[in-house]
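Each chain is listed here by its residues.
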Protein chains: 2
Amino acid sequence: MSAISMLELRHLRTLSALHETGSVSRAAKRVHLTQSALSHQIKALQDHYGVPIVRRQGQSVELTDAGKRLVALAGKVLEEIQATERSIAKMSQQASGSLRIALECHTCFDWLMPLMDAFRQHWPDVELDLVSGFHSDPVKLLEEGGADVVIGSEHKRRRGVVHHPLFSFEILAVLSPDHPLRAKRILQAADFSDLTLITYPVPEDRIDLILNVLKPAGIHPQRRTTELTVAILQLVASRRGIAALPSWGIQNYVEHDYVIARRIGPHGLWSDLYASTLTETASRPYLRDFLTTARNTCFATLDGIVPLD
Amino acid sequence: MSAISMLELRHLRTLSALHETGSVSRAAKRVHLTQSALSHQIKALQDHYGVPIVRRQGQSVELTDAGKRLVALAGKVLEEIQATERSIAKMSQQASGSLRIALECHTCFDWLMPLMDAFRQHWPDVELDLVSGFHSDPVKLLEEGGADVVIGSEHKRRRGVVHHPLFSFEILAVLSPDHPLRAKRILQAADFSDLTLITYPVPEDRIDLILNVLKPAGIHPQRRTTELTVAILQLVASRRGIAALPSWGIQNYVEHDYVIARRIGPHGLWSDLYASTLTETASRPYLRDFLTTARNTCFATLDGIVPLD
DNA sequence: TAAACGTATGAATAGTATTCATCAATATTA
DNA sequence: TAATATTGATGAATACTATTCATACGTTTA
């Protein structure tokens, strides 16, 4: 007779994702379900409470007041749960150990910093470190004990190594606002001939644009390298060349019209990001916590990224 | 690969009940599931977190530190959820109306007071009232519009009326500590002949002991009535007679040895409590909230009561 | 030493969340 | 403006998994 409360955490997770993505389909991807599943969930909630939770606003959906209230609840509750699970993990066993992070992706510094801050607070007894410098085979670092996590796009199956999917992101071409190519909405491989490509100082086979677009088309533009993302953008803005960077890495600069961004190829050039660890480190509670908070903060902070796996 | 969190609210509800009851079987009754179901739930949690949640302590179970942490979480989270659902109910429509409570059961004042306090805070716009005096047919009060809820043991199906089950409780015989019957652990109908029965001033057919035990056995003891529970207990303690009261109503007095309590019949004399409303009032959000908080606080406060339905 | 009570557990079942297949509506592109 | 691609909603089919059932095992009580 009296179904006291049909609410489950799954609903809160859904609503939270719905809030962050602003669309049922995207939220569905985020929680690894189909759009239909979420639609049914939302309908069930609405039927139960007798109030609309979302309002169809043209193409996408908007949360109602009741929806917002539930989202607020979700935020609080999910955070409390994560905190509890952390403290249980600490009781369980090793709340200590080391987490030395090796970065294959230069731009990742952007979102890694706040994440590391949070992590340091949650796990004061874990030695947190950044392994600096460029490494030709970063995953080898794991096996050699030089790092505990590698963040990069490599995900070849390798014995004793686990690749934890983080997210997919789009790589956009970055141009100066008055660049001749500005008229084209989508750039093709051919557009890059006779241009200077500005990149981080890494080998060619580590640059997706070259590896997956230019090389197959037989195009080998000139290259100029620099360490820092801002430096790359400076050079682009000064019309010294063109660059290819993650969409979330340049967003601020595009918004201020320092540079403009263009899609590469009809479907865009996409790249995947993984956090790789040894199998044994993968089970450490603090590592698992690092991964989930990494995903959480990335999805909350970074625009235009898509879940993986 | 990474099942971020398998925790669901159902687990928290279970653990909360487990904490309050101290036993898997009783907790199972509380959440309207089987003992087996809860046992499986707990096992699943333990497997997931890799830590014991409960420890078998002889006959019953005890929560571990991790278990206690989860119970603390449950308390917080479930309360936040109830608060949210209240505020959604308020948005939805009528957060106002009236809740006039008629009590068929005198002893119920004990637990009703704190409940009404809480309710008044949650629903400031609902007119809360107690319908005083005794009524021969309290459910008729609903139909006549004299009350919105009747709390009593009546639950005959009647058109337009819903009986919301609250809980079952045991009625114990109350004796003075030096009463001749003190030696018997269990009293039979025959034991009541030649005794004076002290009761509230209500008709015989509203007294479970008379209706279900004494009358069937052809026993008609003398009766003396008084309004207040304390007065009944005073009379019992002064050896003026014997009484039959809910176990939770006399607990304090038994603990202080003012009186002693004895089971009536081999399985005890049990009575059920319902909150009855008109069908239309049953759907009001504040009524639903009243019912769930009533059950919650009763189960949390009153000892020895058992879920119903 | 049963009898009664409480918990644990594998297998069967039942319940229901999710997917599939589709439609309608809106936005995008040619 | 038609054509195409997205997005959300919905009934029916499916797949999953939580719950129950049946039972065993341990503890307490008479």
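Residues numbered from 1 in each chain as written. Chains lettered and ligands numbered in written order. Predicted model: local features only at pLDDT ≥ 70, side-chain atom pairs only at ≥ 80, totals over all residues. Heavy atoms only, no water.

1. Side note on empty space enclosed by the protein
Rolling a probe over the atoms, with the probe sized like a water molecule, indicates the empty space that remains. Enumeration over the complete set of coordinates arrives at 2 cavities of 30 Å³ or more. What the largest cavity holds in volume is close to 410 Å³. If you go around the largest cavity, you meet 24 residues; those closest to its centre are A:Cys105, A:Tyr200, A:Arg206, A:Ile207 and A:Asp208. Of all elements in the fold, only β6 (161–175), β8 (196–199), α7 (208–214), β10 (242–246) and β12 (269–278) of chain A reach the threshold of two or more residues within the lining of the largest cavity. For the lining of the largest cavity, the class distribution of residues is 15 nonpolar, 6 polar and 3 charged. Split by domain, the residues of the lining of the largest cavity number at least three in each of domain 2 (95–168 + 271–301) and domain 3 (176–270) of chain A. Quantified by volume, the second largest cavity comes out at close to 50 Å³. Considering the residues around the second largest cavity, the lining is formed by B:Ala102, B:Leu103, B:Glu104, B:Gly133, B:Phe134, B:His135, B:Pro138 and B:Leu141. Going through the elements one at a time, β3 (97–103) and α6 (138–144) of chain B are the ones with two or more residues in the lining of the second largest cavity. (1 Å grid on protein atoms, 1.4 Å probe; cavity = no way out; pocket = protein on both sides within 12 Å on 5 of 7 lines; lining within 4 Å. Points joined across faces, edges and corners; volume = space filled by probe spheres on them. Helix = DSSP H or I, 4+ residues; strand = E, 2+ residues; numbered from the N terminus. Nonpolar A, V, L, I, M, F, W, Y, C, P; charged D, E, K, R; others polar. Domains from an automatic or database assignment.)

2. Observations regarding the protein's contact with DNA strand D
In the vicinity of DNA strand D there are 20 residues, among which A:Val24, A:Ser25, B:Thr34, B:Ser36 and B:Gln41 approach most closely. Each atom of DNA strand D within 4 Å of the protein was classed as base or backbone; sugar and phosphate made up 63%. Contact distances for DNA strand D include 2.9 Å between a base oxygen and a side-chain N or O atom of A:Ser36. Between DNA strand D and A:His40 there is a distance of 3.0 Å, counted from a base oxygen to a side-chain nitrogen or oxygen. Of all elements in the fold, only α2 (24–30) and α3 (35–49) of chain A together with α3 (35–49) of chain B reach the threshold of two or more residues within the surface near DNA strand D. The dominant element in the surface near DNA strand D, judged by the number of residues it contributes, is α3(A), at 5 residues. Residue classes in the surface near DNA strand D are distributed as 4 nonpolar, 13 polar and 3 charged. (Near = heavy atom within 4 Å. Polar contact = N/O pair within 3.5 Å; in protein donor to acceptor, adjacent residues only side chain to side chain.)

3. Quick notes on the protein's contact with DNA strand C
What surrounds DNA strand C is a group of 19 residues, the closest being A:Thr34, A:Ser36, A:Gln41, B:Ser25 and B:Ser36. Counting only atoms of DNA strand C within 4 Å of the protein, the sugar-phosphate share comes to 65%. At 3.0 Å, a side-chain N or O of B:Ser39 approaches a phosphate oxygen of DNA strand C. For the surface near DNA strand C, the elements supplying multiple residues, two or more each, are α3 of chain A together with α2 (24–30) and α3 of chain B. The element best represented in the surface near DNA strand C is α3(B), accounting for 5 residues. Residues that form the surface near DNA strand C fall into these classes: 3 nonpolar, 13 polar and 3 charged.

4. A short note on the relation of the copies chain B and chain A
Superposing chain B onto chain A takes a rotation of 180 degrees plus a shift of 0.0 Å along the axis, which leaves an RMSD of 0.1 Å. Such a combination of rotation and displacement between the chain copies is what one expects of a two-fold axis. Same-surface contact between copies: 100% of interface residues of chain B are shared with the interface of chain A. (Least-squares fit on C-alpha atoms with pLDDT ≥ 70 in both. Contact = heavy atoms within 4.5 Å.)

5. A short note on the nonpolar core
Residue and element names in this part refer to chain B. Judged by nonpolar contacts, the single largest core of 65 residues is most densely connected at Leu99, Ile101, Trp111, Ile151 and Phe167. Ranked by the residues each element gives to this core, the list is headed by strand β6 (residues 161–175), at 8 residues. Beyond its immediate chain neighbours, meaning those up to four positions away, Trp111 contacts Ile151, Leu166, Phe167, Trp248, Leu273, Cys298 and Leu302. (Core = buried A, V, L, I, M, F, W, Y, C linked by side-chain atoms within 4.5 Å. Buried < 20%, exposed > 50% of the residue type's maximum accessible area, 1.4 Å probe, protein only.)

6. Here's the deal with the side chain of A:His106
Residue and element names in this part refer to chain A. Assignment of secondary structure puts His106 in the loop between β3 (97–103) and α5 (109–122). On the basis of relative accessibility, which here comes to 18%, the residue His106 falls in the buried class. Among all residues touching His106, those that are not within four sequence positions of it are Tyr200, Val202 and Glu227.

7. Focus on the interface of chain B and chain A
Counting from both sides, the interface comprises 32 residues of chain B and, opposite them, 32 residues of chain A. Interface area for chain B against chain A, summed over the two sides, is near 3000 Å², with a carbon-plus-sulfur share of 61%. There are 2 salt bridges connecting chain B and chain A. Across the pair A:Arg13 and B:Glu8 runs a salt bridge, and its minimum N-O distance is 3.5 Å. At the junction of chain B and chain A, the tally comes to 16 residue pairs in polar contact (both at pLDDT 80 or more). (Buried area = accessible area lost by both parts, 1.4 Å probe. Salt bridge = Lys/Arg side-chain N within 4 Å of Asp/Glu carboxyl O.)

8. Some thoughts on the packing of helix α4 (residues 65–92) of chain B against helix α11 (residues 285–301) of chain B
All names here are of chain B. Across the interface, α4 lies against α11 with an axial gap of 10 Å and an inter-helix angle of 160 degrees. In this view, α4 runs roughly antiparallel relative to α11, as classed from their interaxial angle. The two elements α4 and α11 cross, and the hand of that crossing is left-handed. Of α11, the residues touching α4 (which contributes Gln82, Arg86 and Ala89) are Pro285, Asp289, Thr292, Thr293 and Asn296. When its residues are assigned to classes, the contact of α4 with α11 shows 2 nonpolar, 4 polar and 2 charged. (Axes fitted to C-alpha atoms, helices over the stretch in contact; angles between N-to-C directions. Parallel < 35°, antiparallel > 145°, perpendicular 65-115°, else oblique. Left-handed = near helix turned anticlockwise from the far one by under 90°.)

9. Quick notes on the packing of aromatic side chains
Residues and elements named next belong to chain B. Applying the stated criterion across every chain yields a total of 20 aromatic pairs over all chains. With a centroid separation of 6.4 Å and 65 degrees between ring planes, the pair formed by Phe119 and Tyr286 is classed as edge-to-face. Of this pair, Phe119 sits in helix α5 (residues 109–122) while Tyr286 is found in helix α11, placing the two residues 167 residues apart along the sequence. Accessibility classification places Phe119 together with Tyr286 in one group, the buried group. Ring centres of Phe167 and Phe299 lie 6.4 Å apart, and the angle between their planes is 65 degrees; this geometry places the pair in the edge-to-face category. (Phe/Tyr/Trp six-rings, centres within 6.5 Å; stacked < 30°, edge-to-face > 60°.)

10. Some words on α11(B)
Residues and elements named next belong to chain B. Helix length check: α11, at 17 residues, gives a terminal C-alpha distance of 24 Å against a target of 24 Å (1.5 Å per residue), a fit within 8%. Buried residues dominate α11, accounting for 12 of its 17 residues. Every buried residue of α11 is listed here: Pro285, Tyr286, Leu287, Asp289, Phe290, Leu291, Thr292, Thr293, Ala294, Arg295, Cys298 and Phe299. (Expected span 1.5 Å × (residues − 1).)

11. Some points on helix α9 (residues 247–255) of chain A
Residues and elements named next belong to chain A. For α9, the complete set of buried residues consists of Ser247, Trp248, Gly249 and Ile250. For α9, the elements touching its buried residues are α5, β6, α8 (229–237), β10 and β11 (260–264). A positive backbone phi angle near 65 degrees is found at Asp257, which sits one or two residues after α9.

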